[in-house]
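Structure at a glance
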Amino acid sequence: CDRMVWINDTYGRDVPTLGVATFDGLDENGQAYDINDNSSDTIADMLTSKHIRFGPNPQNVFLSFLYQQGGRGERPTSGDFLTLQFWAPQDSSWTEVWRKGADSIVDFRHAIVAVDSSIWLQDGFQFRFAAYGARSGSFDIWNIDYVRLGENRRAQDTLFTDAAFTRQHPSLLKDFWQVPWFHLDGVPDPFKDEFTLHFRKNGDTLSVSINLRRYAIRYDGNVIQNKGGIPWNNDSYNKEHPVPVPIDPVVLVPPPSAPFELTVTSIMDGANDGFRSNDTLVGRHRFDNYYAFDDGSAERAYGISNVAGAVTAFNLTPLKPDSLKGLYIYFA
């Protein structure tokens, strides 16, 4: 129920599915909690559950989740840690039940914790994740995914059966994500004839029947292409796989005469593909008066420091000759 962590599709690396909760030193508005605080002795980011109401006589209750250090952001260092805490409604107190400090492992890992005390198995129970690290910016990153609380589980119950997309939707354009609308006229084939999605079948070898390559392309809200999916069931489990999706030539009718939006929606479906909320991808292209190579998300910052006279070069070849009048720059 907190707002401080960032739910996003860009900070996780080698994710089991798209969408993670990212803990850093920024609040819900993207501002540092304390620009001068680089210590690790205070909570930087926190995510708290809603109040839980249990059924009668709850048995074998466990909370499981996946966690990752760093991802595409800055990794935690010595002294930084992630903690899980439980709320006891009767005592009105938080208790730490799990902690992980920084180490060298960068992959997602499973964790599972028993909710096994009578002080927690009461209506009004809550749990929260808290990251201790620098509060001065986007530092000491932790990513969390697949948080599951349930009864009748075991300490070994860390697998889940779910087929899911693992990367954002790729661009429909060959070289850019955004292009000025007036640079499309007369340019041969600026759009791809195929894009590649990435997906993963998480869990064990239970039968998962899925369909892929279903997509729709919309030109200012109007469907200009719509294709159904086909069965796609031969790929192995617990590994990311590419899926090439051929598309028909993108034809804009009538030709654009002002800024417009082009969206592509890709859908995974099937008889039992798992959680439905992570089976749809949407790529949005805004054709205005600027170029962009990607969606504009900023996971890391790079620069040249302590070098007098240093410069950074950036090369962009537009589809048509034109004048550059300005730049959009993100200052981290």
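See the structure above.
Everything in this summary refers to the structure shown in the same document. (Residues numbered from 1 in each chain as written. Predicted model: local features only at pLDDT ≥ 70, side-chain atom pairs only at ≥ 80, totals over all residues. Heavy atoms only, no water.)

1. Quick word on the packing of aromatic side chains
According to the stated counting rule, one finds 21 aromatic pairs in the structure shown. Here Phe86 and Phe125 contribute two aromatic rings whose centre-to-centre distance is 5.2 Å and whose plane-to-plane angle is 75°, an arrangement assigned as edge-to-face. Here Phe125 lies in the loop between β7 (109-114) and β8 (126-132) and Phe86 lies in strand β5 (residues 81-88), a separation of 39 residues in the sequence. Phe86 sits in the buried class, given a relative accessible area of 0%. With a relative accessible area of 0%, Phe125 lands in the buried category. (Phe/Tyr/Trp six-rings, centres within 6.5 Å; stacked < 30°, edge-to-face > 60°. Helix = DSSP H or I, 4+ residues; strand = E, 2+ residues; numbered from the N terminus. Buried < 20%, exposed > 50% of the residue type's maximum accessible area, 1.4 Å probe, protein only.)

2. Points about the environment of Arg13
Residue placement: Arg13 occurs in the loop between β1 (6-8) and β2 (20-23). A C-alpha to C-alpha distance of 7.8 Å links Arg13 and Asp107, two positions 94 residues apart in sequence. Once residues lying within four places of it in the same chain are set aside, the contact partners of Arg13 are Gln68, Gly71, Arg72 and Phe108. A polar side-chain atom of Arg13 sits 3.5 Å from the main-chain carbonyl oxygen of Gly71. (Contact = heavy atoms within 4.5 Å. Polar contact = N/O pair within 3.5 Å; in protein donor to acceptor, adjacent residues only side chain to side chain.)

3. A short note on the sheet that holds β2
Here 5 strands make up an open sheet; going across it, the order is β1-β2-β9-β4-β7 and the pairing antiparallel. Sheet topology places β1 and β7 at the edges, where each strand pairs with a single neighbour. Put simply, the sheet's adjacent strands are angled 35° from each other on average, direction ignored. Two elements, β1 and β2, share 3 bridges in a ladder whose sense is antiparallel. Among the inter-strand pairings, Trp6 is bridged to a residue of β2, identified as Thr22. (Pairing = 2+ DSSP bridges. Axes fitted to C-alpha atoms, helices over the stretch in contact; angles between N-to-C directions.)

4. What about the pairing of strand β4 (residues 62-69)?
Burial analysis of β4 places 8 of its 8 residues in the buried class, which makes it a mostly covered element. Residues Phe62, Ser64, Leu66 and Gln68 line one face of β4 and the alternating positions Leu63, Phe65, Tyr67 and Gln69 line the opposite face, and both faces are buried.

5. Describing the sheet that holds strand β10 (residues 162-165)
Judged by pairing direction, the sheet is antiparallel, and its 3 strands sit side by side in the order β10-β11-β15 without closing on themselves. Of all strands in the sheet, those bounded by a partner on one side alone are β10 and β15 (240-246). With strand direction ignored, the average angle separating the axes of adjacent strands in the sheet is 30°. In the sheet, strand β11 (residues 194-202) pairs with β15 via 7 bridges, with the strands oriented antiparallel. Counterpart to Glu194 in the pairing with β15 is Pro246.

6. What to know about the pairing of β8
With 7 of its 7 residues buried, β8 lies for the most part within the structure. Alternating positions in β8 separate into two faces, Gln126, Arg128, Ala130 and Tyr132 on one and Phe127, Phe129 and Ala131 on the other, with burial throughout. Relative to β8, β5 runs antiparallel, the two being bridged by 7 bridges. Among the inter-strand pairings, Leu84 is bridged to a residue of β8, identified as Phe129.

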